[in-house]
Amino acid sequence: MVPLHPISGNQTLRTTISGAENKPFYAPSDIANLNVGHDLGAPGQFPYTRGIHESMYRGKLWTMRQFAGFGTAEETNQRFKYLLAQGQTGLSVAFDFPTLMGYDSDHPRSKGEVGRCGVAISSTDDMETLFAGIPLDHVSTSMTINGPAAMLFAFYIAAAERQGVALEQLRGTIQNDILKEYHAQNSWLVGPRPSMRIITDIFKYAAQYTPQWNTISISGYHIREAGSTAGQELAFTLADGLCYVDEGVKAGLQIDDFAPRLSFFFDVHIEFFEEIAKFRAARRIWAREMQKRGAKNPRSLLMRTHAQTAGVSLTAQQPENNIVRTAIEALAAVLGGAQSLHTNSFDEALALPTEKAVQIALRTQQIVAFESGVAAVADPLGGSYYVEALTDRLERECYDYFKRIEDAGGMFAALDAGFFRREIARSSFTYQTEIMNKRRLVVGVNAYETEGGVEPPILYINPKLEAQQTVRLARTRATRDALKVQASLTNLEAICRDENSPGNIMAALVDCARVNVTLGEMADVCRKVYGEFNKLAAV
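This section reports on the structure supplied with the text. (Residues numbered from 1 in each chain as written. Predicted model: local features only at pLDDT ≥ 70, side-chain atom pairs only at ≥ 80, totals over all residues. Heavy atoms only, no water.)

Our focus in this paragraph is helix α16 (residues 419-436). Between its first and last C-alpha, α16 extends 26 Å over 18 residues, near the 26 Å set by a 1.5 Å rise per residue. Where α16 is buried, its residues meet α6 (179-185), α8 (221-225), α9 (230-250), α14 (385-407) and α15 (411-416). Positioned one or two residues after α16, lysine 438 has a phi angle of 60°, which is positive. (Helix = DSSP H or I, 4+ residues; strand = E, 2+ residues; numbered from the N terminus. Expected span 1.5 Å × (residues − 1). Contact = heavy atoms within 4.5 Å.)

For the rest of this paragraph, the subject is the packing of aromatic side chains. Scanning the entire structure with this criterion turns up 22 aromatic pairs. Between phenylalanine 236 and tyrosine 401, the ring centres sit 5.1 Å apart and the planes meet at 80°, which makes this aromatic pair edge-to-face. Taken as a pair, phenylalanine 236 in helix α9 and tyrosine 401 in helix α14 lie far apart in primary sequence, 165 residues in all. Note on accessibility: phenylalanine 236 and tyrosine 401 belong to one class, buried. Aromatic side chains phenylalanine 236 and phenylalanine 420 sit 5.0 Å apart centroid to centroid with 90° between the ring planes, which places their arrangement in the edge-to-face category. Of the two residues, phenylalanine 236 sits in helix α9 while phenylalanine 420 sits in helix α16, which places them 184 residues apart along the sequence. (Phe/Tyr/Trp six-rings, centres within 6.5 Å; stacked < 30°, edge-to-face > 60°. Buried < 20%, exposed > 50% of the residue type's maximum accessible area, 1.4 Å probe, protein only.)

For side chains bearing opposite charge, pairing can occur when the charged atoms are close. Scanning the entire structure with this criterion turns up 38 salt bridges. Arginine 472 serves as the salt-bridge partner of glutamate 74, at 2.4 Å between the closest nitrogen and oxygen. Separated by 398 residues along the polypeptide, glutamate 74 in helix α2 (residues 73-85) and arginine 472 in helix α17 (residues 465-479) bring together distant segments of the chain. Among the ionic contacts, a cluster of salt bridges with common partners joins Asp39, Arg284, Arg288, Asp392 and Glu395. (Salt bridge = Lys/Arg side-chain N within 4 Å of Asp/Glu carboxyl O.)

In this structure, Trp62, Leu238, Tyr244, Leu262, Trp286 and Met290 are the most contacted members of the largest nonpolar core, which totals 82 residues. No other element matches α9, which puts 10 residues into this core. What leucine 262 contacts, discounting residues up to four positions off in sequence, is Phe203, Thr215, Ile216, Ile218, Val245, Trp286 and Arg304. Counting 62 residues, the second largest nonpolar core, distinct from the first, contains Phe80, Val119, Phe131 and Cys496. (Core = buried A, V, L, I, M, F, W, Y, C linked by side-chain atoms within 4.5 Å.)

Let us now look at the sheet that holds strand β2 (residues 90-94). The strand order β5-β4-β3-β2-β1-β9-β8-β7-β6 describes an open sheet built from 9 strands, whose pairing is parallel. A single partner strand is all that each edge strand has here, and the edge strands are β5 (213-214) and β6 (216-219). Sheet analysis places strand β4 (residues 171-174) next to β5, joined by 2 bridges and oriented parallel. Bridging across to β5, threonine 173 finds its partner in asparagine 214. Along the sheet, α2 makes contact with β1 (63-68) and β2, crossing β1 at roughly 155°. Most of the contacts of helix α13 (residues 355-370) go to β1, to which it runs at about 165°, and overall it touches β1 and β9 (340-342). (Pairing = 2+ DSSP bridges. Axes fitted to C-alpha atoms, helices over the stretch in contact; angles between N-to-C directions.)

In this section: the packing of α2 against α13. Close contact between α2 and α13 brings their axes to 11 Å; oriented N to C, the two are set at 35°. Note on packing geometry: the crossing formed by α2 with α13 is right-handed. Only Glu355, Val358, Gln359 and Leu362 of α13 make contact with α2, whose side of the interface consists of Arg79, Tyr82 and Leu83. Partitioned by chemical class, the residues of the contact of α2 with α13 number 4 nonpolar, 1 polar and 2 charged. (Left-handed = near helix turned anticlockwise from the far one by under 90°. Nonpolar A, V, L, I, M, F, W, Y, C, P; charged D, E, K, R; others polar.)

Closest axis-to-axis distance for the helix α18 (residues 482-497)/helix α20 (residues 519-530) pair is 10 Å, and the angle between their directions is 35°. You can see that α18 and α20 cross each other, and the crossing is right-handed. On α20, the residues touching Leu489, Leu492, Glu493, Cys496 and Arg497 of α18 are Glu521, Met522, Val525, Lys528, Val529 and Tyr530. Here the contact of α18 with α20 is built from residues that sort into 7 nonpolar, no polar and 4 charged.

From the geometry alone we can't say anything about function, so treat these as descriptive.
Take a look at the structure:
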């Protein structure tokens, strides 16, 4: 097909997606202020600019994950087993919208949304079905859940106990990053302060019972998907992380008791070199900030990162082009030194991915790992004038934002004032305007468009599954011990109400999960005690 709008020459902007000016070339003078020993060093050495491990991928490849979840627990269980058979090395669970918002599948607000954008999980019975035949002591599981993260973690713990798995053997991550929900994604149960209490109780519980579990995945991904620049993603994510650390210390925890289990989750956009530099700057800043806070355990200084290729870079037009975009972004994540990676499927701008599309996305990672040669050398771009200059620029931008947040009165005051939302909205508007005005070209969207085209096969969710899930939930309620359910909910409410209670909210939620209290019933206790949070600060 002949392009409708031929493009001649390089008409794109000479700036990065984030708006930073690019010079024609970079030379030693551009990194003249770089202290090679202090700022770079070697991989595995402070400040970890070049990677958190000496051998990096020569010793162990990154964990290959594919985000999966749709329909019922049975259907997603089959997708998990398919992915593991294809060579995936970690599971990553996508939940449907009712679950993300803390509602059971039979709640009136759930109608029409059950299983649509992820798997429906309302009870420990559902979680047990989700992982049927998958030994939880042999797999690492990541769960993208925030407001009700503690409840889903409780279900997972109870399901593991039903499998006979010792809790200290559980490996994985709950996202559990509530601050970025107020910045960008808007899925929460309660307000910031009570949310922080729940999170610090998770820190305490996990340090005692699930020492291999990552209690929070501090996420820049959704900040970037909302339209932020790379610098804003870096700054706001690290500011969130440092806030969690400070709140944990205020709650009486020793920093080295919980900091080694913190992890991060970054977007990998299409701006290749800027994304590599972002990972390098992030590790350097985090290590230094944790050292300033008195961390003594070397593992407290290590920024361990999961990465996901940019959903916002996928196009519905000419969707096969997304395979190329994802490959470029995956390569940037690896050259940036991520410990875990999810590659998006090419059809995700249209619907949930088909098995074929998921296989291509996974094969993309495997080709990068086993055929490209980039895993053979740690930080192969270290010392590049351009990459080092970008790393320094992003670090400076991050600290500028730290200062602005501090001047606004700190994290919670800046949230209330709508600071983060305004900054992200401004950047998003600028980027979209550049595309609309064809100052920034997106192949197939505003350049090299084609008429017609064949849509790839689409994964459709059976509308009958909502009724099936409702029946399952009714069966769970009918067969559980009502007295134990009520006792566990009463205990949960008492602990939530008393800020000085010696009880732990996470432990109380686990007790609820063990007797099949549902997600909505637990979440309703929190909403009752703390009130529903409805404030959206003006942009």
